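Summary of the model geometry
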Amino acid sequence: MSNPMGTNGAGDIILRIKDLHTYFYTDIGVAKALNGVSFDIPARKVMGVVGESGCGKSVTALSCMRLVQRPGKIVKGEILLYSRKRGGASGKVVEEIDLTSLDPMGSEIRQIRGAELAMIFQEPMTSLNPSYTIGEQISEAIVLHQKVDQGEAEKRTINILDQVGMANPRAIFKRYPHELSGGMRQRAMIAMGLSCNPSLLFADEPTTALDVTTEAQILDLMRDLQAELGMTIVFITHNLGVVAQMCDYVAVMYLGRVVEQAEVKPIFYTPKHPYTQALLNSIPHAGSGVHTRLQPIKGIVPDPYANIRGCPFHPRCAAYMPGKCDVHVPAITRVAEGHTVRCFLYSDEVEE
Amino acid sequence: MTDQAVTNSKDDILLEVKGLKKYFPVRGGMIRKGRGVVKAVDGLDFFVRSGETLGLVGESGCGKTTAGRTIVRLMDPTAGEIRFNDPKQGWVNLENLDRKQMKPIRQNMQIIFQDPFSSLDPRMTVERIVGEPLLLNKIASGQELQDRVAELLKVVGMRPEYMSRYPHAFSGGQRQRIGIARALAMNPKLVVCDEPVSALDVSIQAQVLNLLEDLQQDFHLTYIFIAHDLSVVEHISTRVAVMYVGRLVEVASTKDLYYSPQHPYSEALMAAVPKPDPGKRERPIKLPGEVASPINPPSGCYFHPRCRYAKDICAREVPPLREVFPEHWSACHFAGELKLRGIVGKSD
């Protein structure tokens, strides 16, 4: 498989996911949440992962964080982290670590998690501990990872709270999560994610629960912080508007696979995969000024236990070719510089 | 969105709401004594024309759902008038009717709920869910009832064979279709749609939105479409009303509201819509502070502490909702004078 980002070696890649399979072994069967996910995450960029419920976008992030819980299991594949932090004082030496080889409860992943990889979630109320103050929760992570004393951790925490746009960081430090509004809680979550200056932040639908004006402000904040800190963000969302506003690169997922990947403009202006095209035709385009009838995608998103032969999108696809799409899984094909797609419209190549 | 639907005549009005208020008492503490009120809906004035879709938008807690439920009398209003042009009885004031008096009018006013998982009784078959209104109003029974339910299911794009199944057997989109079939059973005039697509996947949203548009054409339905997704509202609405902390701040045709808003809050909303076009990236308008509390709202214009155009008068006087341009109402002291940006407008 060629390098989908069109980059040479691991120079500007921070994470490379190769043929990742994560399954959930439940009483009613095996849910193949990830069924061969491969993509590269370019460093210091915002990578959008977009798809509908059950496509595996959250499980991808959880797998990278090694936070997949039983009955879930990574059964195959590699997650290669190109760590700069641990590679000597100059930061030039890059160390390759396969995260799948680490013990999910071991000390090595615990050092990486929080310090190099961080994650923020959709619902801040369920991810913050209700019985500790915001300040205690953030400074705990700093003490743990940065080997500083309580006083220094407190100072840094107040600094970060200020950075994420809290009007009165000293007062917020002493507040409990329930005392904050939804937007403020999400800011506190982001502050916690940033507390140890991670190189890669997974943001799982961080604005979905927020009102539109608050959402716009949180997105703006994340953009600013990303540029300022030179951080990489993997932005998981179902909202194509948010993707267009936020991301530099996009991976479109459907039923446990990445079906298309490119820079943000080709995804919106010259989408190749029938699923990407269909998604874009099914949403109202705010501000387009014309009323066009929406073109829904027929059928429903299949449940994860469904064992669909061939391309998983073929039962809903407008370009379905019998005898081909329902038999084989299309391989990843390069259609343009940095633009890959899994579809028989562009290549006959079959995944073994 | 069609301009032709906006006519200036007052004859085709189906529903008129005047000074509608709904307050909830706040209780707390060990001794349960009243500690003020939540002014969820605090004086709404608007009308809905027959055959149109009036979008009702605003952020969480602004009172849009309470307004919808009060209009169909699922809740009792605290004050104000709800006037409905019933096809049989003519103009009726609904605010003081009791259950019995409401019953014949309810046939013409239905509601579709947001969550297709909690709005259908899990112990009822689809046949009972959709057929219940027909049975209760003694319109059909036995074979006739079954035929009618089968027909309704076909209308919403479902197979009639499914009528003996229970809700758990269906996906979110199909459940929402069942909810729509139930609302249509009585052949209503007005349907209040409360966030009907926000719980659905993107690809399924389009199916339900198209269905609602088709049904409106076929049965000459009038919708009050309550939603927070401004892209969806732009797509489906003839006119749009914007709420902020229990009050209306702007009412206009969809085009006027989206492209030349006359209230600073609407302007901020339009700038915040995430446009699905990477070539149209915009910085949001900074709104300092938080949404005002409906328990203890600020003086004057509720939006003034967050408004970048606010002057002294805004903190003193409540701006009335006034017709700034024909068919374009705004509750801003400076409406018509401010140059506000619409949804695609870049700063000049």
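A brief structural summary. As the structure is a computational prediction, the values presented were derived from the model and not from experiment.

Basis of the calculations
Residues numbered from 1 in each chain as written. Chains lettered and ligands numbered in written order. Predicted model: local features only at pLDDT ≥ 70, side-chain atom pairs only at ≥ 80, totals over all residues. Axes fitted to C-alpha atoms, helices over the stretch in contact; angles between N-to-C directions. Helix = DSSP H or I, 4+ residues; strand = E, 2+ residues; numbered from the N terminus. Parallel < 35°, antiparallel > 145°, perpendicular 65-115°, else oblique. Left-handed = near helix turned anticlockwise from the far one by under 90°. Contact = placed C-beta atoms within 7 Å. Nonpolar A, V, L, I, M, F, W, Y, C, P; charged D, E, K, R; others polar. Buried ≥ 20, exposed ≤ 12 C-beta atoms within 10 Å, placed from the backbone. Core = buried A, V, L, I, M, F, W, Y, C linked by C-beta atoms within 7 Å.

Focus: the packing of helix α11 (residues 274-282) of chain A against helix α6 (residues 202-219) of chain B
The geometry of a pair of packed helices is captured by two quantities: the angle between their axes and the separation between those axes. Packing of α11(A) against α6(B) leaves a shortest axis separation of 9 Å and a crossing angle of 45°. Here α6(B) runs oblique to α11(A), going by the angle between their axes. The interaxial crossing formed by α11(A) with α6(B) has left-handed handedness. Side by side, α11(A) and α6(B) meet where A278(A), L279(A) and S282(A) of the first sit next to V202(B), S203(B) and A206(B) of the second. In terms of residue class, the contact of α11(A) with α6(B) is made up of 4 nonpolar, 2 polar and no charged.

Brief notes about helix α3 (residues 126-136) of chain B
Buried within α3(B) are the following residues: V126(B), I129(B), V130(B) and G131(B). Two residues or fewer past α3(B), K138(B) is found with a positive phi of approximately 55°.

Details of the environment of V240(B)
Residues and elements named next belong to chain B. Here V240 shows up in strand β9 (residues 239-244). Sequence separation of V240 and F225 is 15 residues, and the distance between their C-alpha atoms is 9.0 Å. Here V240 is in contact with G55, V57, V233, A252, T254 and L257, once residues within four sequence places are set aside.

Section: the nonpolar core
In this structure, V234(A), V250(A), F225(B) and V242(B) are the most contacted members of the largest nonpolar core, which totals 195 residues. For this core, the leading source of residues is helix α7 (residues 182-194) of chain A, giving 7 residues. Setting aside its immediate chain neighbours within four residues, V250(A) contacts G48(A), V50(A), V243(A), Q261(A), A262(A), V264(A) and I267(A).

A word on unusual backbone geometry
All names here are of chain A. A cis geometry characterises the amide bond from R70 onward to P71, with omega recorded as 5°. Its identity is not glycine, yet R66 carries a phi of approximately 60°, on the positive side. Within the secondary structure, R66 is located in the loop between α1 (57-65) and β4 (72-83). Judged by C-beta crowding, with 21 C-beta atoms within 10 Å, R66 ranks as buried. Phi at N197 is positive, roughly 55°, even though this residue is not glycine. Residue N197 is classed as partly exposed on the basis of its C-beta count, with 17 C-beta atoms lying within 10 Å.

As for the interface of chain B and chain A
Contact with chain B, which involves 35 residues of that partner, is made by 36 residues of chain A. Going through the elements one at a time, α6, α7 (230-236) and α9 (264-272) of chain B are the ones with two or more residues in the side of chain B that touches chain A. The leading source of residues in the side of chain B that touches chain A is α6(B), at 7 residues. Here the residues of the side of chain B that touches chain A are counted per class, giving 18 nonpolar, 9 polar and 8 charged.

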